[in-house]
Amino acid sequence: MATLPWNPGDLAQAETNIRRLAKVLTTRAAIAQTPKEVVWALNKTKLYRYIPVVAESERKPVPLLLVFALMNRPSILDLRPGHSFVEFMVKQGYDVYLLDWGCPGPDDKDLDFGDYALDYLPRAIRKLKAVSGSEEFSMLGWCIGAILVTIYAAVYPDDGLRNLLLLTAPLDFSQKDAITFANWVDERYFDVEKVLQRFGNMPAEMLEYGAKALKPVENYLGSWIRLWDNLDNTKAVESWHAMNTWVTDNIPMPGGAFRQLIVDLYRNDRLMEGTWVLKAKPVDVSRIRANLLTVIAGDDHITPPCQSESIYERVSSTDKESFHIPGGHIGIMAGSQAAKTTWPHMQAWLAARSGHIKTPA
Amino acid sequence: MADSKGEKPYDPFEALRGLRDAGMDAWAKAMTEAIHTDAYAQSSGAMLDAYLTASAPFYESLQKAIAQALQQLNLPSRADFVSLSERLTNIETRLDDMDAKLDRVLAKKSSPVTPAVAARSSRKEAR
């Protein structure tokens, strides 16, 4: 026989839920908790090394460098204890480094992809090699970070990069009809110079609006309804809190890099056309020879799969894999299934290629 | 929550939640289609452009007023901080270059130079 849902116990649960809701709405979750140390810094950029937890003899010899986007905090890679990609990889015995681009100020408005990929990144890699003692390294780039590491891998193919992992990489801008952003920033509708003249850097609020407006109902309403429906589920609330803390902590994008993203990539597809020249160096992706794993999210609305697929055919790497996985742009790495699907696959791929270091000839 | 007999208790709001979710799905689909259109791109671009054009005179006046006020009060302006920050970054860059050179010198001192290593380091320096 059906019973009514309310009883005295429900009142206590309701009070707990209200307290939980108040906490989520008024505090920031403790994210990026894996212990780390700064090993290099330049301007706003910092290179972190995560403190190893595995004995040196059991560690993978080839260190791993993580590079995230310019307009979001890299803490998504180390979201919360027990659900952190960084923590997972450190426990698997990797020597993990993270490049944090920091929050650009007015003085950084002219920094562009060339500065980040061909000046800051090589300097950080030099330090990584010095600290780790390894001439070879693996590099993982996610979102705009994948563009940066692709540029580096194309311009410096002989610099010790053994493994290149590209996550939801927006590299191919040729299929404009499939890319909503490409339509929004079309030169008929969007005056990038006028925006940058006013703001210098592209404001975080505008970038956040752009990302959320791709799925307005889900992002502006659905997310809160999901929280309300799960208020009596401690784990779901903790997960929501951590994700919301990251999602609402956006940073501006340096004006120079934003201009190139719109003009050189979204409008003119210069990377895949092979006509992109940065710091007087042509960026030719066919020069990439590192082992390649591209991870493509099947339901990615920010970087549709068509943007990440063609790199597989364009590189000269002989050892390469394209891994398609259901999920969204962020969900494949930070969602509840990531620890069972994406992370183990990437770890297994990398483990098979992170063994013995080649001795200098 | 199931009761002791494994029977799901009656929830008067379940039907409403179902209706809400179905409505949200339909709404989300319609909105996602709408934002993919040229009309949306055109209107959002026009709104941004109108905002930038309309606010430009006020913004410029405000910037000038702030700069003058700071100057009168002998306080540094944003331009002063930007200039200082750029100089600091240049110094940091020079220090990083020196650090790299020092590392190379120490590496050469601590390891015997084979022809292959020498060739590789000269290639790096040339680059």
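Heads up: these notes are all about the structure in this document. (Residues numbered from 1 in each chain as written. Chains lettered and ligands numbered in written order. Predicted model: local features only at pLDDT ≥ 70, side-chain atom pairs only at ≥ 80, totals over all residues. Heavy atoms only, no water.)

## Quick look at the overall build of chain B
Across its full length, chain B holds four helices and zero strands. Each helix and strand of chain B, placed in order from N terminus to C terminus, yields the pattern α-α-α-α. Taken over 127 residues, chain B has a buried fraction of 14%. Of the roughly 10000 Å² of accessible surface on chain B, 63% is carried by carbon and sulfur atoms. (Helix = DSSP H or I, 4+ residues; strand = E, 2+ residues; numbered from the N terminus. Buried < 20%, exposed > 50% of the residue type's maximum accessible area, 1.4 Å probe, protein only. Areas by Shrake-Rupley, 256 points an atom, 1.4 Å probe, with all protein chains shown as cover.)

## A few points about the overall build of chain A
In terms of regular secondary structure, chain A is built from 15 helices and ten strands. Relative to a compact globule of 361 residues, whose C-alpha radius of gyration would be 21 Å, chain A shows 21 Å and is just as compact. Counting only C-alpha atoms, chain A reaches 75 × 60 × 40 Å along its principal axes. Counting the 361 residues in chain A, one finds 58% classified as buried. Taking as baseline every contact in chain A between residues at least 6 positions apart, the subset at least 24 positions apart corresponds to 80%. For chain A, the accessible surface area stands at approximately 14900 Å², while carbon and sulfur atoms represent 53% of it. For chain A, the distance from the average position of its 39 positive side-chain charges to the average position of its 42 negative side-chain charges is 4 Å. (Rg over C-alpha atoms; globule rule 2.2 N^0.38 Å. Contact = heavy atoms within 4.5 Å. Lys, Arg positive; Asp, Glu negative; His and termini not counted. Charge placed at Lys NZ, Arg CZ, Asp CG, Glu CD.)

## Things to note about the pattern of salt bridges
All names here are of chain A. One pass over the full model with this rule turns up 26 salt bridges over all chains. With its nearest N and O atoms 2.9 Å apart, the salt bridge here joins arginine 19 to glutamate 15. Of the two residues, arginine 19 and glutamate 15 both sit in helix H1 (residues 8-26), four residues apart, roughly one turn of that helix. Assessed through its relative accessible area of 58%, arginine 19 is described here as exposed. (Salt bridge = Lys/Arg side-chain N within 4 Å of Asp/Glu carboxyl O.)

## Re the interface of chain B and chain A
Taken together, the 46 residues of chain B in the interface contact 44 residues of chain A. In total, chain B and chain A occlude about 3900 Å² of area from one another, counting both sides; carbon and sulfur atoms represent 54% of this. Between B:Asp103 and A:Arg126 there is a salt bridge, and its shortest N-O distance comes to 2.8 Å. Our enumeration of links across chain B and chain A arrives at 20 residue pairs in polar contact (both at pLDDT 80 or more). Within the residue set of the side of chain B that touches chain A, elements represented by two or more residues are helix H1 (14-35), helix H2 (38-72), helix H3 (78-110) and helix H4 (115-126) of chain B. In terms of residue count, the dominant contributor to the side of chain B that touches chain A is H2(B) (13 residues). Considering only residue class, the side of chain B that touches chain A consists of 19 nonpolar, eleven polar and 16 charged. (Buried area = accessible area lost by both parts, 1.4 Å probe. Polar contact = N/O pair within 3.5 Å; in protein donor to acceptor, adjacent residues only side chain to side chain. Nonpolar A, V, L, I, M, F, W, Y, C, P; charged D, E, K, R; others polar.)

## Brief notes about unusual backbone geometry
A positive phi angle is found at A:Lys279, which is not glycine, with a value near 50 degrees. By secondary structure assignment, the location of A:Lys279 is in the loop between strand S7 (277-278) and strand S8 (281-282). Phi at B:Asn74 is positive, roughly 60 degrees, even though this residue is not glycine. One can find B:Asn74 in the loop between H2 and H3.

## Focus on H3(B)
With 33 residues, H3(B) ought to run about 48 Å at 1.5 Å a step, and its terminal C-alpha atoms sit 47 Å apart, in line with that. Looking only at H3(B), the buried set comprises B:Val82, B:Ser85, B:Thr89, B:Thr93, B:Asp96 and B:Ala100. Of the surrounding elements, those touching the buried residues of H3(B) are strand S1 (36-42) and helix H3 (113-132) of chain A. (Expected span 1.5 Å × (residues − 1).)

## With respect to the packing of aromatic side chains
Counting across every chain of the model gives 15 aromatic pairs over all chains. With 4.9 Å between their ring centres and 70 degrees between their planes, A:Trp101 and A:Tyr116 make a pair best called edge-to-face. In this pair, A:Trp101 is assigned in the loop between strand S4 (96-100) and H3 and A:Tyr116 in helix H3, connecting sequence segments 15 residues apart. Summarising the burial analysis for this pair, A:Trp101 and A:Tyr116 share the class buried. An aromatic cluster of at least three residues, connected via ring pairs, comprises A:Phe173, A:Phe181, A:Trp184, A:Tyr266 and B:Tyr40. (Phe/Tyr/Trp six-rings, centres within 6.5 Å; stacked < 30°, edge-to-face > 60°.)

## Some thoughts on the packing of helix H8 (residues 216-229) of chain A against H1(B)
One can describe the packing of H8(A) onto H1(B) by two numbers: an axis separation of 9 Å at closest approach and a directional angle of 160 degrees. Between H8(A) and H1(B), the angle is such that the two are roughly antiparallel. For the element pair H8(A) and H1(B), the recorded crossing hand is left-handed. In this structure, H8(A) contributes A:Pro216, A:Val217, A:Glu218, A:Leu221, A:Gly222, A:Ile225 and A:Asp229 to the contact, and H1(B) contributes B:Arg17, B:Arg20, B:Met24, B:Trp27, B:Ala28, B:Met31 and B:Ile35. (Axes fitted to C-alpha atoms, helices over the stretch in contact; angles between N-to-C directions. Parallel < 35°, antiparallel > 145°, perpendicular 65-115°, else oblique. Left-handed = near helix turned anticlockwise from the far one by under 90°.)

## A few points about the pairing of strand S2 (residues 45-50) of chain A
All names here are of chain A. With five of six residues buried, S2 lies mostly within the body of the structure. Sheet topology note: the S1/S2 ladder contains six bridges and is antiparallel. In the sheet register, leucine 42 faces S2, and the bridge partner there is threonine 45. Count of turn residues in the S1/S2 antiparallel hairpin: two residues, of which asparagine 43 carries a positive phi of about 55 degrees. In terms of strand pairing, S2 meets S4 through four bridges, oriented antiparallel. The residue bridging arginine 49 from the neighbouring strand is tyrosine 97, located in S4. (Pairing = 2+ DSSP bridges.)

## Focus on the side chain of A:Asp300
Residues and elements named next belong to chain A. Its place among the elements puts aspartate 300 in the loop between strand S9 (291-297) and helix H12 (306-309). For the buried aspartate 300, no salt bridge exists, and the shortest N-O distance to an oppositely charged side chain is 8.5 Å, to lysine 215. Only 2.9 Å separates the side chain of aspartate 300 from the backbone nitrogen of isoleucine 302, close enough to count as a polar contact. At 2.7 Å, the side chain of aspartate 300 forms a polar contact with the side chain of histidine 329. Sequence-distant contacts of aspartate 300, defined by excluding residues within four places in its chain, comprise Thr168, Pro305, Gly327, Gly328 and His329.

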